[in-house]
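The chain contents come next:
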Amino acid sequence: MFTTATAPKTTFPADLFGAIADLKRDMNAVILAHYYQEADIQDIADYLGDSLGLSQQAAQTDADVIVFAGVHFMAETAKILNPNKLVLLPDLDAGCSLADSCPPDQFADFKRQHPDHLVISYINCTADIKAMSDIICTSSNAVKIVQQIPQDQPIIFAPDRNLGRYVIEQTGRDMVLWQGSCQVHETFSEKKLIDLMIQYPNAEVIAHPECEPPLLKHASYIASTTGLLNYSKTSDRTSFIVLTESGIIHQMEKLSPGKQFIPAPPIANCACNECPYMRLNTLEKLYLAMLNKTPEITMDEATRVAALKPMQRMLAMS
Ligand code: 13P
Ligand code: SF4
């Protein structure tokens, strides 16, 4: 006779928000979240921000535990800045297609082909790539950072080719680009965007610079997620077509009740404008991560120390 082994069933408290607040107090934890997280996580976060804001918060927090509701490279960045703190990521599989598009061994070869170049890497990369970089940047400070580099200094910009092209356009600098990209920001259809612009003639198109050039040319405002959020709040316009991951619309609607936010449609009939990695985190997994103090972000100390230098340069230049 066979017996069937069943996995122990996890029971969650009826008031998950309250239980997370209790754990947070008991552990002296801070919850940092990105705008692409599900609405419940955004609502429970102590700090919600773009990659620069999240790094700045991680650099200055006095909490003992950082619960990072975002993707792996973001939690890894928090660990680079806080080697002695426990950094938890609700789902360790929450990766990033853009970070994956820059494998360290291939990037090392690429660097060897351009020996005189300064390496500026977008924060959406692994700790190994950060460790091979001279300066890190985010979508909110990339232009400002490149403008601070002497004109005669050749630059490699990695890993996002779309942000790189946007920075070249804004600064007039000729940079060598690593050809990486984000699957979410490359999913938008120009044809469907134009159809939406015809349907909503008063809507303003706002976009993240990770989008491709044919989409960006329709945008009247291009910025990081925090930049887009602030713009939509202060703008006199009441209707927006939003070219970035659709999770941010929850926050846009909260900050600007009464305004209309239309997510730009993907090429296929799918929810591809939702980041599949970001969405691996759920409120339940966040609760379990805090309860069990795992999954934890770890990395070898040599990589961390090498990755810290370009991070510190970014924070000083921002
Ligand atoms: P920012 O929030 O820094 O604009 O980055 C967007 C993004 O793609 C994060 O993965
Ligand atoms: Fe990475 Fe793109 Fe997801 Fe951001 S939206 S985490 S860049 S895959």
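Residues numbered from 1 in each chain as written. Chains lettered and ligands numbered in written order. Predicted model: local features only at pLDDT ≥ 70, side-chain atom pairs only at ≥ 80, totals over all residues. Heavy atoms only, no water.

Draft legend 1. Examining the overall build of the chain more closely. Along the chain, the regular secondary structure elements total 15 helices and 12 strands. For 318 residues, the compact-globule estimate of 2.2 N^0.38 gives 20 Å, and the C-alpha radius of gyration of the chain, at 20 Å, lies within 12% of that figure. A buried classification covers 55% of the 318 residues belonging to the chain. Of the contacts formed within the chain by residues at least 6 apart in sequence, a portion of 65% connects residues at least 24 apart. Summing over all exposed atoms, the chain offers an accessible surface of approximately 14100 Å²; the carbon and sulfur share of this is 51%. Charge separation in the chain, taken as the distance between the mean sites of 25 positive and 37 negative side-chain charges, equals 2 Å. (Helix = DSSP H or I, 4+ residues; strand = E, 2+ residues; numbered from the N terminus. Rg over C-alpha atoms; globule rule 2.2 N^0.38 Å. Buried < 20%, exposed > 50% of the residue type's maximum accessible area, 1.4 Å probe, protein only. Contact = heavy atoms within 4.5 Å. Areas by Shrake-Rupley, 256 points an atom, 1.4 Å probe, with all protein chains shown as cover. Lys, Arg positive; Asp, Glu negative; His and termini not counted. Charge placed at Lys NZ, Arg CZ, Asp CG, Glu CD.)

Draft legend 2. Highlighting the site of ligand 1. Near ligand 1 lie 15 residues; those nearest to it are His34, Ser51, Ser139, His208 and Thr225. Between ligand 1 and Ser51 there is a distance of 2.9 Å, counted from an oxygen atom to a backbone nitrogen or oxygen. In this structure, His208 approaches ligand 1 through a side-chain N or O atom, which is 2.7 Å from an oxygen atom. In terms of residue class, the shell around ligand 1 is built from five nonpolar, eight polar and two charged. (Near = heavy atom within 4 Å. Polar contact = N/O pair within 3.5 Å; in protein donor to acceptor, adjacent residues only side chain to side chain. Nonpolar A, V, L, I, M, F, W, Y, C, P; charged D, E, K, R; others polar.)

Draft legend 3. Up close: the pattern of salt bridges. In this structure the tally under the stated criterion is 12 salt bridges. One salt bridge connects Lys285 with Asp91, and the closest N-O pair in it is separated by 2.7 Å. Placement of Lys285 in helix H14 (residues 283-292) and of Asp91 in the loop between strand E4 (86-88) and helix H5 (97-100) is noted, with a sequence separation of 194 residues between them. We classify Asp91 as buried; its relative accessible area is 12%. (Salt bridge = Lys/Arg side-chain N within 4 Å of Asp/Glu carboxyl O.)

Draft legend 4. Inspection of the nonpolar core at higher detail. By size, the foremost hydrophobic cluster in this structure holds 65 residues, and its most contacted members are Phe68, Ile120, Ile241 and Leu243. Among the elements that make up this core, the one with the highest residue count is helix H4 (residues 72-81) (six residues). Setting aside anything within four residues of it in sequence, one finds Ile120 in contact with Ile135, Cys137, Ile145, Val146, Ile149, Ile155, Ile156, Phe157 and Ala158. Residues Ile41, Ile44, Ala69 and Leu86 belong to the second largest nonpolar core, which totals 32 residues. (Core = buried A, V, L, I, M, F, W, Y, C linked by side-chain atoms within 4.5 Å.)

Draft legend 5. Geometry of the site of ligand 2. Around ligand 2, the structure places Tyr36, Val71, Cys96, Ser97, Asn124, Cys182, Val184, Glu210, Cys275, Tyr277 and Met278. Classifying every residue of the shell around ligand 2 gives eight nonpolar, two polar and one charged.

Draft legend 6. Representation of the sheet that holds strand E9 (residues 204-207). Read across the open sheet, the four strands follow the order E10-E9-E11-E12; overall the sheet is parallel. Strands with a single pairing partner mark the edges of an open sheet, and in this sheet they are strand E10 (221-222) and strand E12 (260-263). Of the pairings in the sheet, the one linking strand E11 (residues 239-243) to E12 comprises four bridges and is parallel in character. Looking across to E12, one finds that Phe240 is bridged to Phe261. The sheet strands contacting helix H12 (residues 225-234) are E9, E10, E11 and E12, and the helix crosses E9 at an angle near 155°. (Pairing = 2+ DSSP bridges. Axes fitted to C-alpha atoms, helices over the stretch in contact; angles between N-to-C directions.)

Draft legend 7. Inspection of the state of the cysteines at higher detail. For the structure on display, the rule yields one disulfide. Through a disulfide, Cys270 is tied to Cys272; the S-S separation comes to 1.7 Å. Taking the torsion about the sulfur-sulfur bond, which here is approximately -130°, the covalent link between Cys270 and Cys272 counts as left-handed. Since its relative accessible area comes to 31%, Cys270 is described here as partly exposed. With no disulfide of its own, Cys102 lies closest to Cys125 among cysteine sulfurs, the gap being 7.0 Å. (Disulfide = S-S within 2.5 Å.)

Structural measurements only, silent on function.
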